[in-house]
There are 2 protein chains.
Amino acid sequence: MFFKVKTSEEVLEILKGFDPVGTEVVHIEDALNRVLSGQIVSEEDMPNFSRSSMDGYAVRAKDTFGASDSLPAFLELKGEVIMGGTPTDRVVPGTAVRISTGGMIPEGADAVVMIEHCQSMDDKTIEVCRSVAPLENVIARGDDLRAGTIVFGKGSILRPQDIGLIAGLGVETIPVYKRPTVGIISTGDEVIPIDLRPRPGQVRDINSYTLGAFCRQRGAIPMNMGVCKDDFDEMRETVGRVLNACDTVWISGGSSVGARDMTVKVLESFAEARLLVHGIAISPGKPTIIARIGAKALFGLPGHVASAMVVAEIYLAPFLSVLSGERRSSGDGHLYRQAELERNVESASGRDDYIRVRLNKREGRLFAEPIFGKSGLISTLVDAQGLVKIDRNTEGIYQGQTVEVMLFTPSRGEAW
Amino acid sequence: MFFKVKTSEEVLEILKGFDPVGTEVVHIEDALNRVLSGQIVSEEDMPNFSRSSMDGYAVRAKDTFGASDSLPAFLELKGEVIMGGTPTDRVVPGTAVRISTGGMIPEGADAVVMIEHCQSMDDKTIEVCRSVAPLENVIARGDDLRAGTIVFGKGSILRPQDIGLIAGLGVETIPVYKRPTVGIISTGDEVIPIDLRPRPGQVRDINSYTLGAFCRQRGAIPMNMGVCKDDFDEMRETVGRVLNACDTVWISGGSSVGARDMTVKVLESFAEARLLVHGIAISPGKPTIIARIGAKALFGLPGHVASAMVVAEIYLAPFLSVLSGERRSSGDGHLYRQAELERNVESASGRDDYIRVRLNKREGRLFAEPIFGKSGLISTLVDAQGLVKIDRNTEGIYQGQTVEVMLFTPSRGEAW
């Protein structure tokens, strides 16, 4: 069967055709980085009373107009606002009430004079040496939010301050999209579980752990389904089982043509299967396979670990965003950083090349150093901080050129 | 007591004086973003045999020298390398052995000719139309790593590919620093738990949830200790209890001078207490208190949530790095992005000002729009993507100026 290699754009478009995996309700203490599956609407004004933002005296602004060090205003002290309570005193012309930061502005007052700008004359009188404008040092009712405001839309990814705001609204549990479960299968007669000692010709299963941690980093739940031999019956049985248990299946391995053909045969053996992608015009990562069975996507990923990681960053990250219901107002879910390329890099036209780069900072400038090395080597990924794309219409990029580095999600670690 | 306000640099230096909180052993499946407390040393060559990186024929490179389409080299086909096994055939001059990607290079061979460059004449003979150099299409033993190499140093924060490499070495469990536990106390007579309906004058406890999620984002374990009244005995009892249970104590609230003094009194009432910081030359966040009791740091954070978050980003993030044993080769643990300032911002000299900014992308350019608003408003944080520092020796920054935006840790969300 002839299958045309697809462009990156075509593949990304195909991946948008899947749906989020469902919803659940979580407590806000467990909501960091979760994705809202519904809106959050404010049911009340926030704050729901006017508060002082300073220690001082609640006053009528008018009573302070013209006040200065040489010509202070004298106000009668009428008491103090108790924190957490409703003020008992009203501020009438010529009076002031002592108030602390966060205290409720008493009726009649419309501003707060900072304590630094007042002097106590006696128990009953204060001298105000600075004028205040109406609402000065006051957080008015509804300043943060008005009742009825849509605070967060469906698809928002929650940060600490977002959770704080939701807490402030008194909302303890929220509807979110479920975290997608990813069944990861490693294939290859030469691949063995990591707890075994490889005999000559055998290698340990690196990909399951790399891809598993990649899933976690992107908010998904990996299920490591172990190593499967290059055998049609074994692979078909495994894929069927994983397909039932998980929201998506990632089969890694099969770098040889024979193994790749086997993966395709296994995927096509399912009744509902549709082969969506068989080869992508990128390097590394060309021999990537994507199939759809029912509502689920199955991926045949390159066996070379660096190829698999490039495919994961470029396609699986946005795919997990789709399954997770994420909606962004900007960007593609990756962080970018500009850097100067340290060496010329050639590229074959007709495919998007992704080169691994090490970032180096010298004299305040950021440089991207290409790491050359076979895509079977994981050390090239470990040495790299990100990827630089050489577009398929470009023949190469040159030393000194400014490039956009797609950063590997930094583990709150290196900052560039 | 007179206590000099400290500079940011002094505070950051003081925070380096604490120690990581201890170590534990975890499985590599739970190791994403964890911090190594010991080195990882490779005990074997990786790979531990020479492998083919292509489908093709293992040959002696010499036998292909000069081969071309018009003048191919003829080689005797001696069999096939079984994946995962030791080749039974030896490559002697004039012979080739069929090999798949990942297969073990047979004795005598030093290169692989890609299958695309060969033609099968009959069962016993192939035609090679391209010459290969020694080691071409071969991943040699030890190409990834030599035995004895220090792969990761103490303090490394593990990314997916790092975990993959460790898996490849057959290491299943690794020593890491414990995740620090953070006891979070909200104080204030006006603050109530979020499940209660506020009466006039009362507000819900926003800070505990904001700071709690901030801890999670930075790899720490928050323990929400609830709301404490502005009462010496209650606060002292609470702080004492939390101090025993957690690695560090964060008391948020006390925006009023009275409440702040109370926090200081409570901290100083512990026998071993040393007050390290009482006020920092930044805005917002000036009224920050740091004390040391035994090996633990206690923080009195501003009650205004935006102030508390600025203090968290600037001081608590690096402090958690110290407790977590993180060691960076670059940066301060924050991501930065350059943007053009959209408006003039004035600043009082003598303190570092941190302004909240919204990022806007227009025509491929990134703009930072200052968000003005009282630091008691959480909506200003929710609208912001990061902070811009105005150094204390600067009187302001101007519209059009390029600024470095310290990004709030993005939740794999917006990308700039």
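Residues numbered from 1 in each chain as written. Chains lettered and ligands numbered in written order. Predicted model: local features only at pLDDT ≥ 70, side-chain atom pairs only at ≥ 80, totals over all residues. Heavy atoms only, no water.

**Q** Teacher, can you tell me more about the sheet that holds strand E17 (residues 248-252) of chain A here?
**A** Backbone-to-backbone hydrogen bonds join strands into a sheet, with any given pair of strands oriented parallel or antiparallel. Residue and element names in this part refer to chain A. Pairing within the open sheet is mixed, and its six strands lie in the order E16-E13-E17-E21-E20-E18. Strand pairing shows two members of the sheet lacking a second neighbour, strand E16 (221-228) and strand E18 (274-278), which therefore form its edges. Across the sheet, the mean angle from the axis of one strand to that of its neighbour is 20°, orientation sign disregarded. Of the pairings in the sheet, the one linking E18 to strand E20 (residues 289-293) comprises four bridges and is antiparallel in character. Counted as the bridge partner of His278 is Ile289 from E20. This element, helix H3 (residues 207-217), spans strand E13 (181-187), E16, E17 and strand E21 (296-301) of the sheet and lies at about 165° to E13. Across the face of the sheet, helix H5 (residues 257-268) comes into contact with E17, E18, E20 and E21 while running at roughly 10° to E20. (Pairing = 2+ DSSP bridges. Helix = DSSP H or I, 4+ residues; strand = E, 2+ residues; numbered from the N terminus. Axes fitted to C-alpha atoms, helices over the stretch in contact; angles between N-to-C directions. Contact = heavy atoms within 4.5 Å.)

**Q** Help me out: how do you make sense of the domain arrangement of chain A in this one?
**A** Accessible area lost during the coming together of the parts is what is often quoted as the interface size. Domain annotation for chain A reports domain 1 (8-22 + 180-324), domain 2 (28-46 + 143-177), domain 3 (51-139) and domain 4 (335-407). Summarising the inter-unit geometry, the C-alpha centres of domain 1 of chain A and domain 3 of chain A are found 67 Å apart. (Domains from an automatic or database assignment.)

**Q** Just to check I follow, could you spell out the interface of chain B and chain A for this structure?
**A** On the side of chain A, 101 residues touch chain B, which itself brings 102 residues to the contact. Between chain B and chain A we count eight salt bridges in total. With a closest N to O distance of 3.4 Å, Glu44 of chain A and Arg197 of chain B form a salt bridge. Put simply, chain B and chain A have 28 residue pairs in polar contact (both at pLDDT 80 or more) between them. Residue assignment for the side of chain B that touches chain A shows that the elements contributing at least two residues are strand E10 (138-139), helix H2 (160-168), strand E15 (203-204), helix H3 (207-217), helix H5 (257-268), strand E22 (335-341), helix H7 (379-382) and strand E28 (402-407) of chain B. Broken down by element, the side of chain B that touches chain A gets its largest block of residues, eight residues, from H2 of chain B. Residue composition of the side of chain B that touches chain A, by class: 41 nonpolar, 36 polar and 25 charged. (Salt bridge = Lys/Arg side-chain N within 4 Å of Asp/Glu carboxyl O. Polar contact = N/O pair within 3.5 Å; in protein donor to acceptor, adjacent residues only side chain to side chain. Nonpolar A, V, L, I, M, F, W, Y, C, P; charged D, E, K, R; others polar.)

**Q** Hey, could you run me through the environment of Gly170 of chain B in this one?
**A** Position of Gly170 of chain B among the secondary structure elements: in the loop between H2 and strand E12 (173-177). Given a relative accessible area of 27%, Gly170 of chain B falls into the partly exposed group. When near neighbours in sequence (up to four residues on either side) are disregarded, Gly170 of chain B contacts Ile194 and Arg204 of chain A. (Buried < 20%, exposed > 50% of the residue type's maximum accessible area, 1.4 Å probe, protein only.)

**Q** Sorry if this is basic, but what is going on with the packing of H3 of chain A against helix H6 (residues 305-324) of chain A here?
**A** The geometry of a pair of packed helices is captured by two quantities: the angle between their axes and the separation between those axes. Residue and element names in this part refer to chain A. Put simply, H3 and H6 touch, their axes get as near as 11 Å, and they point 25° apart. The pairing of H3 with H6 is recorded here as roughly parallel in orientation. The interaxial crossing formed by H3 with H6 has right-handed handedness. Contacts between H3 and H6 involve Asn207, Thr210, Leu211, Phe214 and Cys215 from the first element and Val305, Ala308, Met309, Ala312, Glu313, Leu316, Ala317 and Leu320 from the second. Residues that form the contact of H3 with H6 fall into these classes: ten nonpolar, two polar and one charged. (Parallel < 35°, antiparallel > 145°, perpendicular 65-115°, else oblique. Left-handed = near helix turned anticlockwise from the far one by under 90°.)

**Q** Is there a simple way to think about the sheet that holds strand E4 (residues 56-59) of chain B in this case?
**A** All names here are of chain B. Read from one edge to the other, the open sheet built from six strands follows the order E7-E4-E6-E5-E9-E8, with strand pairing classed as mixed. Each edge of the open sheet is held by one strand with a lone partner, namely strand E7 (111-114) and strand E8 (118-122). Averaged over neighbouring strand pairs, the angle between their axes works out to 40° when direction is ignored. Judged from the four bridges that link them, E4 and E7 form a sheet pairing that is antiparallel. For Tyr57, the partnering residue across the bridge sits in E7 and is Val113.

**Q** Looking at this structure, I do not really get the relation of the copies chain B and chain A. What am I missing?
**A** What relates the two chain copies is a rotation about an axis together with a slide along it. For these two chains of identical sequence, chain B goes onto chain A by a turn of 180° and a shift of 0.0 Å along the axis, with RMSD 0.1 Å. Such a turn and shift between the copies fits a two-fold axis. No C-alpha of chain B approaches the rotation axis more nearly than that of Arg337 of chain B, which lies at 3.7 Å. By residue overlap, the copies meet face to face through one surface: 99% of the interface positions of chain B are interface positions in chain A. (Least-squares fit on C-alpha atoms with pLDDT ≥ 70 in both.)

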